Structures are given as structure tokens and as C-alpha cells.
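Chain by chain, the residues:
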Amino acid sequence: MTSVPYPVFVQDAPVSEGRLALAGVGRCRVDMTNSSKNDKFQAIVDKNKEQAMVGVGAESLSEEQEKQNKKDKKKYMKQGNAMAGDFIEDDLKLDPSVVDVEVVVSGADLIATDGCLAACLLDAGCATVVTDGSNLDALDAAKIPKNRLMAHFSLTTSDDAALMEQIVQAQAFCDLICIQFTQATDVSAERVEALLGKIPKDLHVVFQFAPKLLIASDAESLDSLTSVVAAMCKLGKESRGTVALTDPTAQELGRSYAACVVTDRPDGLYTTVVCTRSGEALGLVYSSTESIVAALECGRGVYYSRSRKGLWRKGDTSGHYQTLHRLDVDCDGDALRFTVTQRGEDHAAFCHLNTLTCWGPPRGVRHLQETLQDRLQSAPEGSYTKRLFEDTELLRDKLVEEAQELSEADTKQHVAEELADVLYFAMTRAVKAGVSIDDAVSELDKRARKVTRRKGDSKAFRIAAGEAILGAKSPAAEGS
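Residues numbered from 1 in each chain as written. Predicted model: local features only at pLDDT ≥ 70, side-chain atom pairs only at ≥ 80, totals over all residues. Heavy atoms only, no water.

Draft legend 1. Representation of the side chain of T276 within the structure. Within the secondary structure, T276 sits in the loop between β9 (270-275) and β10 (281-287). A residue is classified by how much of its surface remains accessible, and T276, at 6% relative accessible area, is buried. Discounting chain neighbours no more than four positions away, the residues touching T276 are L282, T339, V340, R366 and D438. (Helix = DSSP H or I, 4+ residues; strand = E, 2+ residues; numbered from the N terminus. Buried < 20%, exposed > 50% of the residue type's maximum accessible area, 1.4 Å probe, protein only. Contact = heavy atoms within 4.5 Å.)

Below, the structure written as C-alpha cells:
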């Protein structure tokens, strides 16, 4: 895969004026090592300490006490996960279901929470926990999968022997490492190539530095930054490594990102596919370096118009603007994908023909959603869907009934038919509540980040409630 740079937020907030979507490059890191400056994050740490301390020091517990400890641990875990989720989405204003969020935490907090803090952050949607790579006790305490833990090292000397020894020791706990350059003389493709030659090849490496190490105040030094980042990322292809920029501006990150994408077009533009959260293609457009920067600045779909020969801020004239979620580069590094949510005052339309996509009306579940949304606003006389919208009990009963029929279907065709029925009634319930397909995709992607799994046993009271509904609808009950 193509390697591209991403931002690390140390002093700066992830979202601020003029840099609303830097995390839109698909990945970002937030440094919370000085959590004392943030009361909400410190409260998350404290809640995980409570969870870790349950039962500590108790020598012999009765069966009842053990059950109570289990309940308390579960209670504190759920509270911590909810607090972490709210913090990431409401305070940091990041969407971990679509952006790979890395959080830097202190080794002391990982140890004090016995690893509960690491699991809490991953369960809340974070992709990776980052901590001091020289603190082996902290890496051990994290107790999370190796591909979700990153060891961070600061390069302060040209002698690499001690660093390589620490990296080898950290490898027992993690598959990801970050080397932070603190001196301008280290920030070069040659230095990166030398380090990659010494680091075990099965480790993914991130090279982090602040743009100010290379940038003065002139445009020429910005070109110097982008060329260095592009050269470093080229060395890190095939997932071997990438570059992280500390507190970059939209110009620094956007131009560096664009420098890692290639094009064979004479006009230098990048072919760009615009997609929904669920991967449906809305249309084909073109991007320039300037339009990428503008998109990161405003958090919207911004492209390059070949007819107007300038930036095309989607929706400025039509009202059909887009919320930008993330950018991706394809496997060959010569095409972009913008993942967006299409907006609109009356309805969402990307195409100038006033349809969602440039390929005509949607099909399948997306078509079902649009039909239901239309029925919610203006259903024809005698519409069964309208009846479902208005009769909450009927909609509930049909969901239970169709779910039972799906569970009992015994052929491939029968399962497909019953699944289609369940989708219809489930989407009716969703549209009534203002929930879209993309909302469900977001929830699925967020859950995929979790490391703590429940047993998943059936709930007796739910089964009983379902049986009561089905019993009341049975032929015997209706005939009595």
C-alpha cells in the first residue's frame, strides 16, 4: 500500500479553525501524556483505576463477594468505555469509526490501571495505544494485541546501538514502533533508510518529526518539507513504515500528503473517486494539491474543476455539500478516494441530475432506504409502510415475527427471502428513528475496534418477550 503522512496532535487540538479535518487523511494521533491538563481524560484514567482495584488485597472471598466483584468490574468497565467514547467524539471531535485514532498515554497510567486503560481506549474505538517504548513494564501491563500497541522512542543521539536494543526488547509486546526525530540533521530519507535497514523487518515503523525542524517562513522551505516526506514515505511502502508530522498546518500536511501521490496526467491532477461511508461510488472527480489542502482546512468535499480551472467546493451553489470523513490513496498510489456523507436541503444528491450518484438511481438497500424516506414524508393512500410508521406495536411485532422466520429458514433461497423481509422492517424502524445505512456502518466499524468481547449468551427476558408476542399472534391464540 502507498505510505502517506498523518498528524500528531501534541499542543494543538485535532479540530480548530482553518484545520477542521486534518484527521481526514485517515489516521491521527493524540498525545494525552500530560492528562493532568485535561480533567475529562483524567477522569477516564481514574475510572480505570477503580476497575483495576476491584478485589485487590482480598485473600479469601465468598461466592457472593466474587459475584459482586465481577459486577463492579463490569460496571466500571462500561462507565469507562462510555466516558472514553464521549471524550473522543465530543471533546476531540474525532470519529474513530472511520479514522484510525492513536492515543499516547503515560506508562505510569497503564501500570496503575493494570492495562484497563488500554483496553478501554480500544473498546471506545481507538485503533492504537502508544506509550514510552523504553518502559517495558508499561508495555507488559497494556495486555492488548501486539498489532494495537505502539512503542515510542525519541532519537537523541546518532548512536543507534542502544535504540536497536530497546526496539528488540519492545518487540516482545508490540508490532508497531515510532521513532521521533528531535534534530533537523536527522530528518532525511538517508537517515530513515539507514534505520529501516537495522530494524526487524516484521515491525511497522512510524518516523515522527515537527515540520518546524525543516520549515522557515518561506515557500521554498515548504517544498523542502514535502520532498523529504515523499522520499521517506516511498521508503516505507508495502506497510513497512510511514511519517507522522507533529502539529502540522493544513498546508504542511496537505502538501506533504499530495507529494506522496503520483499522477501521469499532463495537468498534474489526481483521479478521485467519491464514495459513501458504505463504499458506494457517488462519482468521479479530480483533485489538485490545492484542493486537498482546502478539503483538510474546511472538512468538506473540495475538488478541482477542469471546466472552471479552479477549486470546486461541492455544494457552494447547489446546496448539496459533503461532510469529509477521510481520504485514501489506492494500492498503486495514483488515485484518491474521498469518503463523504452527501448532504442536501431537500435530499442528498451528488450528481447535477439531482440523483445521489452519477450512475442513476440506487439499487438494493440504498434504494430501499430512499423509498422509505420518501414514504415517511409523503406516503400514498393505503401504504403499508405508512401504517408501519404510525403503528409502533405493529412494527415491533413484525420485526419479531420476521426474525423468527429467518431463524427457522432451511434453504438458501428461503434464508434470502426472509433476510429481505427482516431488512425491510429493520430499515423501516431505522428510517422512522432518523437512522441511515451509513449510521449502521459507522457502528459496525466502531465495534470492530473492540478487544473486550462479551459471552454473547441469549437473554432469557428477551426470549420470553418475543415468545409472548409470537404466542399472541399464533393461530391457536387468534382462534381462542
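Read on, since the account is not over.
Draft legend 2. How the structure looks around the state of the cysteines. For the structure shown, the criterion picks out 0 disulfides. Cysteine C120 shares no disulfide, and the gap to the nearest cysteine sulfur, in C126, comes to 8.6 Å. Counting only cysteine sulfurs, C178 is the nearest neighbor of C174, a cysteine outside any disulfide, at a range of 11 Å. Judged by its relative accessible area of 0%, C174 falls in the buried class. (Disulfide = S-S within 2.5 Å.)

Draft legend 3. Structural detail: the sheet that holds β9. Taken in spatial order, the 4 strands line up as β10-β9-β14-β13 in an open sheet, and their pairing is mixed. Edge strands, defined here as strands with exactly one partner in the open sheet, are β10 and β13 (322-329). Each adjacent strand pair in this sheet contributes to an overall mean axis angle of 25 degrees, direction not counted. The pairing of β9 with strand β14 (residues 335-342) spans 5 bridges and is parallel. Within β14, the residue paired with C275 across the bridge is T339. Contacts between helix α10 (residues 289-298) and the sheet are confined to β9, β10, β13 and β14, with β13 contributing the most and set at about 130 degrees to the helix. (Pairing = 2+ DSSP bridges. Axes fitted to C-alpha atoms, helices over the stretch in contact; angles between N-to-C directions.)

Draft legend 4. Looking closely at the packing of aromatic side chains. One pass over the full model with this rule turns up 6 aromatic pairs. Residues Y424 and F425 carry aromatic rings whose centres are separated by 4.8 Å and whose planes lie at 70 degrees to one another, so their mutual orientation is edge-to-face. The exposure class assigned to F425 is buried, which follows from its relative accessible area of 6%. In textbook terms, an aromatic cluster arises when at least three aromatic residues are bridged by ring pairs, as seen for Y303, W312 and F338. Note that K314 overlies the ring of F350, its terminal NZ or CZ placed 5.0 Å from the centroid. (Phe/Tyr/Trp six-rings, centres within 6.5 Å; stacked < 30°, edge-to-face > 60°. Lys NZ or Arg CZ within 6 Å of the ring centre and 35° of its normal.)

Draft legend 5. Representation of the pattern of salt bridges in the model. Using the criterion set out here, one finds 26 salt bridges in the structure. With its nearest N and O atoms 2.9 Å apart, the salt bridge here joins D160 to K198. One end of the pair, D160, is in the loop between β5 (149-155) and α6 (161-170); the other, K198, is in helix α7 (residues 189-198), with 38 residues separating them in the sequence. In this structure, R396 and E393 form a salt bridge, with 4.0 Å as the shortest nitrogen-oxygen distance. Separated by 3 residues within a single helix, R396 and E393 lie in helix α13 (residues 392-408), roughly one turn from each other. Note on E393: relative accessible area 52%, which makes it exposed. One salt-bridge network, in which partners are shared between bridges, spans D160, D186, R191 and K198. (Salt bridge = Lys/Arg side-chain N within 4 Å of Asp/Glu carboxyl O.)

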